[in-house]
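# Structural characterization, general
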Amino acid sequence: MTKTPKAPKAVATHTGAGGETHQTAGGDTPVMTTQQGLAVSDDQNTLRAGARGPALMEDFHFREKIFHFDHERIPERVVHARGYGAHGYFELTDSLADVCKADIFNRVGERTPAFVRFSTVAGNKGSADVVRDVRGFAVKLYTSEGNWDLVGNNIPVFFIQDAIKFPDFVHAAKQEPDRDFPQAQTAHDNFWDFVSLSPEATHMVCWAMSDRAIPRSFRFMEGFGVHTFRLIDAEGQSTYVKFHWKPKLGLQSVVWNEALKINGADPDFHRRDLWQAIKSGNFPEWELGVQLFDDDFADSFDFDILDPTKLIPEELVPVRRVGRLVLDRMPDNFFAETEQVAFCTQNIIPGIDFTNDPLLQGRNFSYLDTQTKRLGGPNFTHIPINAPKCPFANFQQDGHMAMHNPKGRANYEPNSWSQPAGGPRETPAGYTSFPEEESGPKLRQRSETFADHYSQARQFYISQTPVEQTHMRDAFVFELSKVETPAIRARMVSYLLHVDQALAEGVASGLGLSPLPEPARAARPVVEGLEPSPALSILKNGPDSFAGRKLGIVVTNGVNADLLSALIAATEAVDGTVELIAPTVAGITDSDGNEIVAQQKINGGPSVLYDAVALLPTVEGANLLRHEATMRDFIADAFAHAKFIAHNDAAEILLAAAGLHPRARDAGVIALESGDDATTFIQTCAALRLWSRENQVHAV
Ligand code: HDE
């Protein structure tokens, strides 16, 4: 942290006639060539007729370079456009051979290569990371039996019950078409209009208004397969399964006002976090959990297991943890891997099968179709990130960019050519679908068993801690306050009256909506007496240490070297990280005369970028910084966001400048006098935030 980065190896240079720098190949530096392999002598100047004359058409190097540049962009994903991926592996820790024949689940200790892409849903590719949104959690597992894509989200349910509604839902959520805003947010009329006309969305809307939709980082969030799938054993028996990814670091989110400010200060907050964690060897890890159940459970459950707007509480069907997913390598190139990775829900392997969840069935068409458009043709499976790592062979051929055409004479079968010219053949050991009996009239009809839209929304709400319930209420109020049409606000409150009376009243009051609307007509009465499910709360499943989190320390010249190193040591001892924030990024000299580089200048390192903060200025430094508005914001925001704040004596000057006089402080503002205090402070930070402070800092 305190080291100055190494300068890159020198490259030989000479200066051109116009003063431009020419860097030349030689030694370790490779020769630049055209796409045809022709060495390039001058990459700074086009070929001209005379130094001041017109450019020549003959300049094939210029034309190739500009042509390629002109074609750099491909269509962004229609949803989940903004994403960030990493490589890793899945390791089996508990065999599932009792219920699943998939090779990946049969040998404990075996590792399967994986690529994971996290994403937001609504925003365009260049939008910010910490918007209120669902996060995609898409996992490609390169198994020995073919690629298995588990294309999940960080929320276990979805907004709609039938895939045919997906285009409407997505249109409503994204920018409004006449004005092309707002970007990457649902706080606008069209979104709330759609969901307030779609009672089935109520459960998911409650999740989206919870802190699940503003995770602290990808490393602190869960993933869910959402749909009910099937596991198939060696005898062909089926067991229903819901897939879960449980983060090793526990669950953590930011608070809404903090999220708004993070997006300004660092729109890449989540991708930078993943990059830094992996590059520094703190490999993010999740456990794979499965909820297994049979037809008897499905028949006895209050809801339809095919309905993607419902979950199965973990208290009813426990999550069996069977493996771990570790991300340990960033892609070499973002475009080649993260942008070109093509997830398809229909990519499954022997031992896993679909159910009739109508959303899943629709997805199985959509993903293949969208990849073909996005990546330009049917051969997107030939791109290295998408190709299986097991052998593969078939008679599919040609098309744009074909890399794996069949070898030999045959490109069809059956054929009478002997091997090797005859090519691949089927095997009875290949994939077979579970032979579920199906019959019924052709019709367009939603099953009556999908009709309860509020009970699980209520269960979700009552499973939250009071702090989280308040955040949900505030999120509804914030979003609906951006909705210009009063009737839409009222319609949403009419749904919330089925979820929880206090929630509905709180939202109505926050909107200044009076009198309360009538509750919406419910197709089915709310199931009474559903027990709270603690697994649904973030705060009940939070971290128990400062591991994976970041402390921001404000330092100035002459900082107490002992205290600073004690604080850094205490943080690093629990696998946390530290950034130093100083008046200039060149850094400071500590009380022992050591020169220390800072990671941020004060106006580039606001406290929203840190999980907790410490203020260690000298008196002289504090007297300088108290006149700096961003320093005062740093403290005021840390306090407003309920963060733990450590400080030395001299920092009293800064605390006072930010309006934090001793009487305004609380147990979360902690004086540091010795190295022991530093350890206690970091232990205190395990509690995430001093939530009780929130009541003091929000009047409306
Ligand atoms: Fe997707 N979804 N989706 N989705 N989805 C896409 O595929 C779609 C749904 C999810 O990192 C698209 O490659 C339909 C549920 C993730 O590359 C597209 C329906 C869940 C990603 C598509 C759904 C997801 C996508 C757009 C309703 C959680 C990003 C670009 C039937 C279980 C994957 C693309 C990545 C991406 C269609 C609903 C998760 C258009 C039709 C439910 C994580 O094919």
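Note that the coordinates shown come from a computational prediction; the quantities given were computed from them, not determined experimentally.

### Some thoughts on the sheet that holds strand S14 (residues 577–582)
One open sheet holds the 6 strands; their spatial order is S17-S14-S13-S18-S19-S20, and the pairing between them is parallel. With one partner strand each, in any of the chains shown, strand S17 (600–601) and strand S20 (669–671) form the two edges of the open sheet. Bridge count for strand S13 (residues 550–555) against strand S18 (residues 612–616) is 5 bridges, and the pairing is parallel. Its bridge partner lying in S18, Val 554 is registered against Leu 615.

### Side note on the site of the ligand
The ligand sits among 25 residues. The nearest are Arg 77, His 80, Gly 136, Ala 163 and Val 226. For the shell around the ligand, the element with the highest residue contribution is helix H9 (residues 358–375), accounting for 7 residues. In terms of residue class, the shell around the ligand is built from 12 nonpolar, 10 polar and 3 charged.

### Section: the environment of Met 492
Among the secondary structure elements, Met 492 is positioned in helix H12 (residues 486–499). Taking the C-alpha atoms as reference, Met 492 lies 37 Å from Arg 549; in sequence the two are 57 residues apart. Leaving out residues up to four positions away in the same chain, Met 492 has contacts with Trp 192, Ser 196 and Leu 480.

### Considering the UniProt feature "active site" (unreviewed entry) in the protein chain
The positions UniProt marks with the feature "active site" (unreviewed entry) are His 80 and Asn 153. Judged by maximum C-alpha separation, these annotated positions cover 74 residues in sequence but sit close together in space, the widest gap being only 10.5 Å. With respect to the helices and strands, the residue His 80 is situated in the loop between helix H1 (60–70) and strand S3 (83–92). Assessed through the 24 C-beta atoms surrounding it within 10 Å, Asn 153 is described here as buried. If sequence neighbours within four positions are ignored, Asn 153 has contacts with Val 134, Arg 135, Gly 136, Phe 137, Phe 224 and Val 226.

### Some words on the environment of Val 317
Relative to the helices and strands, Val 317 resides in the loop between helix H7 (295–300) and strand S11 (320–329). Taking the C-alpha atoms as reference, Val 317 lies 19 Å from Val 527; in sequence the two are 210 residues apart. Residue contacts for Val 317: discarding those within four places in its chain leaves Gln 291, Phe 293, Phe 297 and Ile 312.

### Brief notes about the domain arrangement of the protein chain
Along its sequence, the protein chain is carved into domain 1 (83–382), domain 2 (452–539) and domain 3 (543–697). The centre of domain 1, based on its C-alpha atoms, is set 36 Å off from the matching centre of domain 3. Every contact between the two is made by 12 residues of domain 1 and, on the other side, 12 residues of domain 3. The class makeup of the residues in the side of domain 1 that touches domain 3 is 4 nonpolar, 4 polar and 4 charged.

### Here we look at the UniProt feature "domain: Catalase core" (unreviewed entry) in the protein chain
This chain's UniProt record puts "domain: Catalase core" (unreviewed entry) on residues 33–421. Secondary structure across residues 33–421 divides into 22% helix and 19% strand, with the first and last C-alpha atoms of the span separated by 38 Å.

### Describing helix H3 (residues 189–196)
Given 3.6 residues to a turn, an α-helix orients residues that are three or four positions apart in the same direction. Of the positions making up H3, those classed as buried are Phe 191, Trp 192, Phe 194, Val 195 and Ser 196. Elements in contact with the buried residues of H3: helix H2 (166–173), helix H4 (202–208), helix H11 (466–481) and H12.

### A closer look at unusual backbone geometry
The amide bond that connects Phe 181 to the next residue, Pro 182, takes the cis arrangement and shows omega of 0°. Checked against the element boundaries, Pro 182 lands in the loop between H2 and H3. Residue Pro 414 is bonded to the preceding Glu 413 through a cis peptide linkage, with omega at 5°. The residue Val 226 is not glycine, and still its phi comes out positive at about 70°. With respect to the element layout, Val 226 can be found in the loop between strand S7 (223–224) and strand S8 (229–232). If you check the backbone angles, Leu 688 has positive phi at about 70° while not being a glycine. Checked against the element boundaries, Leu 688 lands in the loop between helix H18 (675–684) and helix H19 (694–697).

Thresholds, definitions, all that
- Residues numbered from 1 in each chain as written.
- Predicted model: local features only at pLDDT ≥ 70, side-chain atom pairs only at ≥ 80, totals over all residues.
- Pairing = 2+ DSSP bridges.
- Helix = DSSP H or I, 4+ residues; strand = E, 2+ residues; numbered from the N terminus.
- Near = placed C-beta within 6 Å.
- Nonpolar A, V, L, I, M, F, W, Y, C, P; charged D, E, K, R; others polar.
- Contact = placed C-beta atoms within 7 Å.
- UniProt positions renumbered as here; feature names shortened; annotations may be inferred.
- Buried ≥ 20, exposed ≤ 12 C-beta atoms within 10 Å, placed from the backbone.
- Domains from an automatic or database assignment.

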